[in-house]
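# Structure assessment
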Amino acid sequence: MSDTPFGFGLPPEEPDDGDEGKKKDQQSGGGQGPANPFGFGGLPGAGGFGGPGADNPFAAMFGSLNPNDLGAAFQQLGQMLSYEGGPVNWDMAKQIARQTVSQGSPDGTKDTSVGPAERKAVEEAVRLADLWLDDATSLPSGAGSAVAWSRAEWVEATLPAWKELVDPVAERVGTAMGDVLPEEMQAMAGPLIGMMRSMGGAMFGTQIGQAVGVLAGEVVGSSDIGLPLGPAGKAALLPVNIETFGKDLSVPQEEVRLYLALREAAHQRLFAHVPWLRSHLFGAVDGYARGIKVDTAKLEDVVGQFDPQNPEQLQEVLQQGMFQPEDTPEQKAALARLETALALVEGWVDAVVHAAAKPRLSSADALRETLRRRRASGGPAEQTFATLIGLELRPRRLRDASRLWASLTDARGVDGRDALWHHPDMLPTATDLDDPDGFVHREQIDFSELDKMLGEAADKPDLEKKDEGEDKNKGDDAG
């Protein structure tokens, strides 16, 4: 690390020749005059104040801005430096996501407000989908309402879930930014570390916002990535994205909408009637995140060369990724649990939806294969999240899980298959996905008697207290 930490030059000494020396110093850019109003020495990445852009130090920070944009740039910088919240500036993330949405998706489609006709079409599709699913699963409807969202509405509705997913990893970055400095330097650089963490939160917020904004142009519902991102009990579809999705499929738009409504409604049933599933999935994400280590060498290099005039430097590092999964048995087990959980959810939905759609939609097979490939490849936004938080939210074993659920249906029926969701220990494991036939024909543990015994044990103390109270009242009456 350099002798002048963070790339700050030493303050200039008082010139020997008084006011004349000050004038010369200001002209050369070495003092506190207009050429260098902040007093930073030759900063890396900006050519120093004596290099290009010396007469306009803000140009290096904001680029070539017209006067109308300059105020917005200063406002954004102020937000970055004044932020004192958690590891991610979520206000900025929402702002950037909304801006990204307003610019339109790469295919040229723009976000539009949802009209009454589109809302009615979505409501009818979800209602019909729920009727069809009644024959394919024993889980009752989980959608209390059906809504049609614009891309901007999807951003607003799903940000709380993204916060829960991203904050644990981002917290590790904030901690690492202070840990890369020696202890004796941390006390001296306290205010600067605080500024860097504020900027780190803003930069993280910017990147997350961009990824969420791009993803808003790709998703067709609230559960595309296998996690419940939207409010509970609310089946949501995005008409503008459904139209784009079905444009080149040679399938009637009504069938595309109905098939996607089946998937959304199936997800809603699963998460509504398997109460432990949401915390199980988010817990698996958090468990995996705890085993991710920050590339401190890369971060230390950035901290050592940090340039307040070039905040984009930190953003570039985030884009390149600084997270590495630890190569430990615990981390591999955490990843296996997460991938298996995602595959079981997506596989169940795939199998149930296919059973409901196959007899009724001529395009069921084509739509099923299209969605399988879509989930397997992932879009650019999913790749962005993989870079930012070191995690790919893709069910790598979707086909294996779907085959297992279909085999369970043949062997045990719909009720027997869905009964496995009663307890997490009853679900197939990664090993079971390798040997689905062995799992299907294996004798399963019956947790119903255990749950009954636990319930009776929980009620017993209440009964004993009631008996004690009655005995006491009898004693008082006798007295």
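Cut-offs and rules
Residues numbered from 1 in each chain as written. Predicted model: local features only at pLDDT ≥ 70, side-chain atom pairs only at ≥ 80, totals over all residues. Heavy atoms only, no water. Helix = DSSP H or I, 4+ residues; strand = E, 2+ residues; numbered from the N terminus. Polar contact = N/O pair within 3.5 Å; in protein donor to acceptor, adjacent residues only side chain to side chain. Contact = heavy atoms within 4.5 Å. Core = buried A, V, L, I, M, F, W, Y, C linked by side-chain atoms within 4.5 Å. Buried < 20%, exposed > 50% of the residue type's maximum accessible area, 1.4 Å probe, protein only. 1 Å grid on protein atoms, 1.4 Å probe; cavity = no way out; pocket = protein on both sides within 12 Å on 5 of 7 lines; lining within 4 Å. Points joined across faces, edges and corners; volume = space filled by probe spheres on them. Nonpolar A, V, L, I, M, F, W, Y, C, P; charged D, E, K, R; others polar. Expected span 1.5 Å × (residues − 1). Bend = angle between axes of the 7 residues up to and from the residue. pLDDT = per-residue confidence, 0-100. Phe/Tyr/Trp six-rings, centres within 6.5 Å; stacked < 30°, edge-to-face > 60°. Salt bridge = Lys/Arg side-chain N within 4 Å of Asp/Glu carboxyl O. Axes fitted to C-alpha atoms, helices over the stretch in contact; angles between N-to-C directions. Left-handed = near helix turned anticlockwise from the far one by under 90°.

The residue Asp 432 is located in helix α18 (residues 430–434) in this model. One polar contact links the side chain of Asp 432 to the main-chain amide nitrogen of Thr 429, over a distance of 2.8 Å. The residues touching Asp 432, leaving out its near neighbours within four places in the chain, are Leu 404, Leu 427, Phe 439 and Arg 442.

Time to look at the nonpolar core. If you look at the biggest cluster of nonpolar residues, it comprises 93 residues, and the most contacted ones within it are Trp 154, Trp 162, Leu 277, Trp 348, Trp 405 and Trp 421. Per-element accounting of this core gives the leading share, 14 residues, to helix α14 (residues 329–357). If we skip the residues at most four places from it in the chain, Trp 348 touches Thr 137, Leu 139, Ala 266, Leu 270, Trp 405, Arg 417, Asp 418 and Trp 421.

Moving on to empty space enclosed by the protein. Per the stated rule, a full pass over the model turns up five cavities of 30 Å³ or more. Taken together, Val 220, Gly 221, Ser 223, Asp 224, Leu 237, Leu 260, Arg 263, Glu 264, His 267, Leu 371, Arg 374 and Arg 375 form the lining of the largest cavity. Those elements that place two or more of their residues in the lining of the largest cavity are α10 (253–273) and α15 (364–377). Sorting elements by how many residues they give to the lining of the largest cavity places α10 first, with four residues. A breakdown of the residues in the lining of the largest cavity according to their chemical character gives four nonpolar, three polar and five charged.

A word on helix α17 (residues 398–418). With 21 residues, α17 ought to run about 30 Å at 1.5 Å a step, yet its terminal C-alpha atoms sit only 17 Å apart, falling short of that. Taken as a whole, α17 carries its principal kink of about 120° at Arg 412. The set of residues buried in α17 consists of Leu 398, Ala 401, Ser 402, Leu 404, Trp 405, Leu 408, Arg 417 and Asp 418. Looking at the buried side of α17, the elements it contacts are α14, α15, α18 and α19 (436–440).

Overall, the prediction assigns the protein chain a mean pLDDT of 75, with 58% of residues at 70 or greater. Segment residues 1–64: pLDDT under 50, and 80 contacts once partners within four positions in sequence are set aside and those in other chains are kept.

Moving on, we get to the packing of aromatic side chains. Inspection of every chain in the model, using the stated rule, returns three aromatic pairs. Aromatic pair Trp 348 and Trp 421: ring centres 6.4 Å apart, planes at 85°, arrangement edge-to-face. Linking Trp 348 in helix α14 with Trp 421 in the loop between α17 and α18, this pair joins segments that are 73 residues apart in sequence. On the basis of relative accessible area, Trp 348 is assigned to the buried category, the value being 0%. Plain terms: the ring middles of Trp 405 and Trp 421 are 5.3 Å apart, the flat faces sit at 15° to each other, and that makes the pair stacked.

Okay, the environment of Asp 418 next. Tracing the sequence through the fold places Asp 418 in helix α17. On the accessibility criterion, Asp 418 (2% relative accessible area) is buried. Sequence-distant contacts of Asp 418, that is, excluding residues within four places in its chain, are made with Thr 137, Ser 138, Leu 139 and Trp 348.

Here helix α11 (residues 277–290) contains 14 residues, and its C-alpha end-to-end distance of 20 Å stays within 8% of the 20 Å for a straight helix at 1.5 Å per residue. What α11 keeps buried is the set Leu 277, Leu 281, Phe 282, Ala 284, Val 285, Gly 287, Tyr 288 and Ala 289.

This brings us to the pattern of salt bridges. According to the stated counting rule, one finds 20 salt bridges in the structure shown. Taking the shortest distance from any N to any O, the salt bridge between Glu 346 and Arg 263 comes out at 3.5 Å. Of this pair, Glu 346 sits in helix α14 while Arg 263 sits in helix α10; the two residues are 83 residues apart in sequence, bridging distant segments of the chain. Residue classification places Glu 346 among the buried positions, given a relative accessible area of 2%. One salt-bridge network, in which partners are shared between bridges, spans Arg 397, Asp 400, Arg 403 and Asp 434.

Quick look at the packing of α11 against α14 now. Where α11 meets α14, the closest approach of the two axes is 9 Å, and the angle between their N-to-C directions is 145°. Note on packing geometry: the crossing formed by α11 with α14 is left-handed. Residues Leu 277, His 280, Leu 281, Ala 284, Val 285, Gly 287 and Tyr 288 of α11 touch α14, and the partners they reach there are Gln 331, Ala 334, Leu 335, Leu 338, Ala 341, Leu 342 and Val 345. Across the contact of α11 with α14, the residue classes break down as 11 nonpolar, three polar and no charged.

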